Amino acid sequence: WTKSALSIVVVGASGDLARKKIYPSLFALYNDGMLPEYFNIFGYARSKMSDAEFREYIASGLTCRLSNKDECGDKLEEFLDRCFYHAGQYSDSKDFAALSERMAAKEEGRKKADRIFYLSIPPSIFTQVAACASDAASSPSGWTRVIVEKPFGRDLESFRELSEELNQHLTEDQMYRIDHYLGKELIENLTVLRFANLVFEPLWSRQFIRNVQVIFSEDFGTEGRGGYFDEYGIIRDVIQNHLLQIVALFAMEQPVSLDAEDIRNEKVKVLKSMRKIDMDDVVIGQYRGRTTKGNHYPGYLDDKTVPPGSLCPTFSAVAMFINNARWDGVPFLLKAGKALHSRRAEIRVQFRHVPGNLYRNKLGVDLDRATNELVIRIQPNEAIYLKVNNKVPGLGLRLDVQKLDLTYKSIYNKHLPDAYERLILDVINGDKRLFIRNDELEAAWGLFTPILQEIEEKQIAPELYPYGSRGPVGAHYLAAKYGVRWGDIM
Ligand code: BG6
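Everything quoted here is computed from the prediction, not taken from an experiment.

**Description of the overall build of the protein chain**
Inference 1: For the protein chain, the count of helices and strands is 13 helices and 17 strands.
Inference 2: On C-alpha atoms alone, the protein chain measures out to a radius of gyration of 24 Å, which is about the 23 Å that the 2.2 N^0.38 rule sets for 490 residues.
Inference 3: Along the three orthogonal principal directions, the C-alpha set of the protein chain runs to about 80 × 50 × 50 Å.
Inference 4: Classification of the 490 residues of the protein chain by burial places 53% in the buried group.
Inference 5: Considering only contacts in the protein chain between residues 6 or more positions apart, those separated by 24 or more positions represent 78%.
Inference 6: Put simply, the protein chain has 64 plus and 67 minus side-chain charges, and the middle of one group is 6 Å from the middle of the other.

Structure below.
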C-alpha cells in the first residue's frame with residue numbers, strides 16, 4: 001500500500017524510436033530489477049491496436065540478455081502483461097482523459113501514483129500533447145514528468161517559440177530533455193576520468209592540449225529516414241546537440257558538486273564562452289552513390305524520400321573556439337558524417353610537442369605521431385587509451401608509439417547498458433544531471449543558427465563524397481588550417 005505505482009506512457013507508441021529503443025530499454029530495466037514493483041506501460045498513438053497486438057509489436061523488437069536464457073520467456077511474459085495500448089488523437093483532451101482513467105484503474109490501491117510521458121513524436125505536436133497530457137492525464141496524487149526528444153526546434157527562434165509554448169503547460173522541473181549521447185557509458189565517465197584522477201586535470205588546458213577532436217561517423221546512409229533527415233541535416237541532427245554537449249562536458253570547469261544544477265551551470269558557461277562560428281570554419285558534404293566490388297551503395301539523392309536536388313548536408317566539420325582562460329586558441333574540431341568508411345564516435349585529445357624533446361629529430365620520429373594523444377572511444381568497442389612514445393625493446397635506441405589501453409571489453413566482463421536505459425532510470429529517480437537545460441539549448445542554437453541560416457539562404461552546395469569514403473577533402477584542409485591532422489583509428 002505504501003509503495004507508489006508508476007505509469008509510463010509512450011506517446012508515439014508505434015514509432016521507430018519506441019520499438020528500437022524505448023521498449024527494449026524498459027524491458028532491460030525490468031530484467032535487471034530496476035523498475036518499481038508496481039509499474040505499467042501504456043502505449044498511446046492514433047492507430048488502432050489491441051493490447052495483444054501492442055504486446056506482439058513490443059516483443060518483436062526485444063532481445064534477451066539474461067545469462068540464463070530459459071528465464072527470459074517468463075520475464076518477457078511478466079513484462080508484456082504490464083503493457084497496454086490506448087488509441088487516441090494527439091490533440092484531444094478527452095482521449096487523454098480516457099487514458100488517464102485506464103491508468104487510474106491500474107494504479108488503484110496505491111497511496112500515490114507517479115506518471116511519466118515519453119514524447120516520442122515529431123516536435124510539431126509536442127505542445128498539443130504536453131497540453132492534453134498535463135490538463136487531462138497528469139497524476140492526481142504523485143509527480144508527472146515528461147521526456148522530450150530532440151529536435152528542440154530548428155533554430156534559435158523556433159526553439160524559443162517551442163520552449164515558451166511548452167512552458168505554458170509544464171514546469172522546468174517536469175521536463176526532461178533527452179540527448180541520448182549523454183547517457184552513453186564513456187560520456188558518463190568523462191567527468192570521472194578528469195576529476196577523479198590527478199594525472200589528467202592538470203593537463204586539461206591550452207598549456208598542454210593542442211587540439212580536441214570530437215568525431216562521429218556512421219558507415220551507413222540515411223536509408224529510409226531521408227525524409228526526416230532532409231528537414232534537419234547533420235548539423236542539427238548530431239553536431240548542435242550530441243557533439244556540442246560532449247564539448248561542454250569536456251571543457252567545463254570542475255562543478256561545485258555532482259548535482260544536476262551545478263554541472264549544468266558549468267556546461268552552460270562553456271557554451272556561452274564559445275566564439276561565434278566563422279563560415280570559413282565550416283565544411284559541409286553530401287554522400288553520392290558508389291559501386292565497389294560489384295555492390296552498389298546509393299547516394300543521398302537516390303533515397304526516394306529525399307527531395308530531388310536537395311542540398312542537405314550529410315557531413316559537416318566545424319572548428320570551434322572557447323574564449324576563456326583555459327581554452328583560448330585551442331581548436332575544437334567537430335566532425336560528423338553519414339555513409340563514411342567506419343562507424344565510430346570518439347573524442348581525441350592531441351597534446352603539444354614535448355618541449356626540448358631529446359629524441360625528436362635525432363631518431364627521425366614523425367613529429368605529429370610523437371605527440372601524446374588521449375582517445376576516448378565512445379563506441380563501438382568502448383575504450384580509453386593514451387598514445388605514448390616508447391622505446392622499442394632491444395639493443396639500440398628506437399622509439400615507436402604504443403597505447404596504454406583501457407579497452408572495456410577486455411577489463412569489464414559485463415554488458416554496458418544502452419544510453420536509454422540509463423536515461424529512463426534517471427527520469428524515474430528524478431536525476432537531471434544528464435538532461436539538457438533550456439539555457440544550454442538557447443546557447444547551442446545561438447551558436448549554430450547564423451551558420452545554418454547562411455548555408456540555407458545562400459544555398460551553399462555541399463561537397464560531394466563517395467559512400468564509404470573518409471568524407472570531403474575540405475575537412476582535411478580545415479584541420480590543416482589549424483595545423484591539425486584528424487586522428488585515425490589506431
Ligand atoms: C540520433 C540521430 O540522434 O543519433 C541519428 O538522429 C543518429 O541520425 C543517431 O544515427 C546515432 O545514435 P547512436 O547511439 O546509434 O550513435
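**Description of the site of the ligand**
Inference 1: In the vicinity of the ligand, the residues found are Lys150, His180, Tyr181, Lys184, Phe216, Glu218, Arg225, Asp237, His242, Lys338, Arg343 and Gln379.
Inference 2: Interatomic distance of 2.5 Å between a side-chain N/O atom of Asp237 and an oxygen atom of the ligand.
Inference 3: Here His242 contributes a side-chain N or O atom positioned 2.7 Å from an oxygen atom of the ligand.
Inference 4: The fraction of the free accessible surface of the ligand (400 Å²) that becomes covered by protein chains is 82%.
Inference 5: When grouped by side-chain class, the residues that make up the shell around the ligand number 2 nonpolar, 3 polar and 7 charged.

**Some thoughts on the confidence of the model for the protein chain**
Inference 1: For the protein chain, the average pLDDT comes to 93, and 96% of its residues sit at 70 or higher.
Inference 2: If you check the scores for this complex, the pTM reads 0.95 and the ipTM reads 0.98.

**Concerning the sheet that holds strand E1 (residues 5-11)**
Inference 1: Taken in spatial order, the 6 strands of this open sheet run E3-E2-E1-E4-E5-E6, and their pairing is parallel. Only two strands of the sheet have a single partner each, and these edge strands are strand E3 (83-87) and strand E6 (175-177). The average undirected angle you get between the axes of adjacent strands in this sheet is 20°.
Inference 2: Inspection of the sheet shows strand E2 (residues 38-45) paired to E3 by 5 bridges, in the parallel sense.

**Thoughts on the sheet that holds strand E13 (residues 344-351)**
Inference 1: An order of E16-E15-E14-E13-E7-E12-E11-E8-E17 is seen for the 9 strands of this open sheet, with the pairing classed as mixed. Two strands close off the open sheet at either side, each with one partner strand: strand E16 (399-407) and strand E17 (463-466). Between one strand and the next, the sheet's axes are offset by a mean angle of 20°, whatever the strand orientation.
Inference 2: As paired strands, strand E15 (residues 383-391) and E16 are joined by 9 bridges and run antiparallel to one another. Across the sheet, residue Ile384 finds its bridge partner in E16, namely Leu406.
Inference 3: With respect to the sheet, helix H8 (residues 226-251) is in contact with strand E7 (209-217), strand E8 (282-288), strand E11 (315-320), strand E12 (332-337), E13 and strand E14 (373-379), its orientation differing from that of E12 by roughly 145°.
Inference 4: Against the sheet, helix H13 (residues 473-481) engages E8, E11, E12 and E17, with an angle of about 10° to E11.

**Some words on the packing of aromatic side chains**
To describe a pair of aromatic rings, one takes the distance between the centres and the angle between the planes.
Inference 1: Taken as a whole and judged by the stated rule, the model has 25 aromatic pairs.
Inference 2: Look at Tyr44 and Tyr90: their rings are 6.3 Å apart centre to centre, the planes differ by 50°, and that puts the pair in the tilted class. Note that Tyr44 is positioned in strand E2 and Tyr90 in the loop between E3 and helix H4 (93-107), a separation of 46 residues in sequence. Side by side, Tyr44 and Tyr90 carry an identical accessibility label, which is buried.
Inference 3: Through a chain of ring-to-ring contacts, three or more aromatic side chains come together here, namely Phe229, Tyr287, Tyr297, Tyr300, Phe315, Tyr465 and Tyr467.
Inference 4: The aromatic ring of Tyr30 is capped on one face by Lys75, whose charged end is 5.3 Å from the ring centroid.

**As for helix H11 (residues 419-429)**
Inference 1: The element H11 is extensively covered by neighbouring structure, given that 10 of its 11 residues are classed as buried.
Inference 2: Those residues of H11 that sit buried are Ala419, Tyr420, Glu421, Arg422, Leu423, Ile424, Leu425, Asp426, Val427 and Ile428.
Inference 3: Backbone nitrogen of Tyr420 and a side-chain oxygen of the N-cap are separated by 2.9 Å at the start of H11; the cap is Asp418.

**Observations concerning the packing of H8 against helix H9 (residues 260-272)**
Inference 1: Viewed as axis vectors pointing N to C, H8 and H9 meet at an angle of 110°, and their least axial separation amounts to 8 Å. Put simply, H8 runs roughly perpendicular to H9. Crossing angle aside, the handedness with which H8 passes H9 is right-handed. Residue-level inspection shows Leu244, Gln245, Val247, Ala248, Leu249 and Ala251 of H8 in contact with H9, the latter providing Lys267, Val270 and Leu271.
Inference 2: Partitioning the contact of H8 with H9 into residue classes produces 7 nonpolar, 1 polar and 1 charged.

Here is what the cut-offs are and how they apply
Residues numbered from 1 in each chain as written. Predicted model: local features only at pLDDT ≥ 70, side-chain atom pairs only at ≥ 80, totals over all residues. Heavy atoms only, no water. Helix = DSSP H or I, 4+ residues; strand = E, 2+ residues; numbered from the N terminus. Rg over C-alpha atoms; globule rule 2.2 N^0.38 Å. Buried < 20%, exposed > 50% of the residue type's maximum accessible area, 1.4 Å probe, protein only. Contact = heavy atoms within 4.5 Å. Lys, Arg positive; Asp, Glu negative; His and termini not counted. Charge placed at Lys NZ, Arg CZ, Asp CG, Glu CD. Near = heavy atom within 4 Å. Polar contact = N/O pair within 3.5 Å; in protein donor to acceptor, adjacent residues only side chain to side chain. Areas by Shrake-Rupley, 256 points an atom, 1.4 Å probe, with all protein chains shown as cover. Nonpolar A, V, L, I, M, F, W, Y, C, P; charged D, E, K, R; others polar. pLDDT = per-residue confidence, 0-100. Pairing = 2+ DSSP bridges. Axes fitted to C-alpha atoms, helices over the stretch in contact; angles between N-to-C directions. Phe/Tyr/Trp six-rings, centres within 6.5 Å; stacked < 30°, edge-to-face > 60°. Lys NZ or Arg CZ within 6 Å of the ring centre and 35° of its normal. Parallel < 35°, antiparallel > 145°, perpendicular 65-115°, else oblique. Left-handed = near helix turned anticlockwise from the far one by under 90°.

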